[in-house]
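Okay, here's what each chain looks like letter by letter:
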Amino acid sequence: MLIGTILRGKGGEVTTVAPDATVRDLLAKLAEHNIGAVVVSADGATIDGIVSERDVVRRLHDRGAGILGEPVSAIMTADVRTVAPGDRVDELRKTMTTHRVRHMPVVDDGRLVGIVSIGDVVKSAIDELETEKASLVDYLHR
């Protein structure tokens, strides 16, 4: 299965936050959209970084509540791994496991076109197994 297949099923909407938005603003977006990570982007099309709930919790522990007023750029991960719609989901699964990444932006021709979470990857694996099971059951009952 290709990553583009997952995006077709879930849609390509990506919540972004500007690098100069405060961490408090970031938390509001995470809560509003019920998501675990946000792509940091000044223009909504290119990637400046990514920031997750985990990043916020770790920085709160390290530096205290003062980070809430700091810009997102102060806590984001700037070296962002990305995938393309034509990449294979099984390779993404390996990358996410190896690098302990839960969210991966999808980029096509240099532009942000979606985001895939570990939950999306697990769901795709379950869907594939369900399809395979249905085919085998159908074959056995012929």
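Provided above is the structure to which this section pertains.
About the criteria used
Residues numbered from 1 in each chain as written. Predicted model: local features only at pLDDT ≥ 70, side-chain atom pairs only at ≥ 80, totals over all residues. Heavy atoms only, no water. 1 Å grid on protein atoms, 1.4 Å probe; cavity = no way out; pocket = protein on both sides within 12 Å on 5 of 7 lines; lining within 4 Å. Points joined across faces, edges and corners; volume = space filled by probe spheres on them. Helix = DSSP H or I, 4+ residues; strand = E, 2+ residues; numbered from the N terminus. Nonpolar A, V, L, I, M, F, W, Y, C, P; charged D, E, K, R; others polar. Buried < 20%, exposed > 50% of the residue type's maximum accessible area, 1.4 Å probe, protein only. Lys, Arg positive; Asp, Glu negative; His and termini not counted. Salt bridge = Lys/Arg side-chain N within 4 Å of Asp/Glu carboxyl O. Contact = heavy atoms within 4.5 Å. Pairing = 2+ DSSP bridges. Expected span 1.5 Å × (residues − 1).

K.L.:
Mind laying out the layout of surface pockets, listing which residues take part and the relevant values?
P.N.:
Estimated volume of the largest pocket: approximately 420 Å³. For the lining of the largest pocket, the secondary-structure elements that each account for two or more residues are β3 (49-52), α3 (53-63), β4 (103-108) and α5 (118-140). Tallying contributions element by element places α3 first for the lining of the largest pocket, with four residues. Tallied by class, the residues present in the lining of the largest pocket amount to six nonpolar, six polar and eight charged. A volume near 260 Å³ is recorded for the second largest pocket. Residues that form the lining of the second largest pocket fall into these classes: five nonpolar, five polar and three charged.

K.L.:
Now, about the side chain of Asp55: what can you tell me, with residues and values included?
P.N.:
Its location among the elements puts Asp55 in helix α3. For the buried Asp55, no salt bridge is present, and the opposite-charge side chain at shortest range is Arg59, 4.7 Å distant. When sequence neighbours within four positions are dropped, the list of residues in contact with Asp55 reads Ile50, Ile75 and Thr77.

K.L.:
Mind laying out the sheet that holds β3, listing which residues take part and the relevant values?
P.N.:
Taken in spatial order, the three strands line up as β1-β2-β3 in an open sheet, and their pairing is mixed. The open sheet terminates on both sides in strands that have one partner only, identified here as β1 (16-17) and β3. Of the pairings in the sheet, the one linking strand β2 (residues 37-40) to β3 comprises four bridges and is antiparallel in character. For Val38, the partnering residue across the bridge sits in β3 and is Val51.

K.L.:
Can you explain α5? Please cite residues and give values.
P.N.:
The first and last C-alpha atoms of α5 sit 33 Å apart over 23 residues, in line with the 33 Å expected at 1.5 Å per residue. Its buried side turned inward, α5 meets α1 (3-10), α4 (89-99) and β5 (111-117).

K.L.:
A description of the pattern of salt bridges should follow, citing residues and the corresponding values.
P.N.:
Enumeration according to the criterion identifies five salt bridges in this entry. Taking the shortest distance from any N to any O, the salt bridge between Lys10 and Asp120 comes out at 2.7 Å. One end of the pair, Lys10, is in helix α1; the other, Asp120, is in helix α5, with 110 residues separating them in the sequence. Judged by its relative accessible area of 39%, Lys10 is partly exposed. Measuring nitrogen to oxygen at the nearest pair gives 2.7 Å for the salt bridge that ties Arg63 to Glu70. Assessed through its relative accessible area of 25%, Glu70 is described here as partly exposed.

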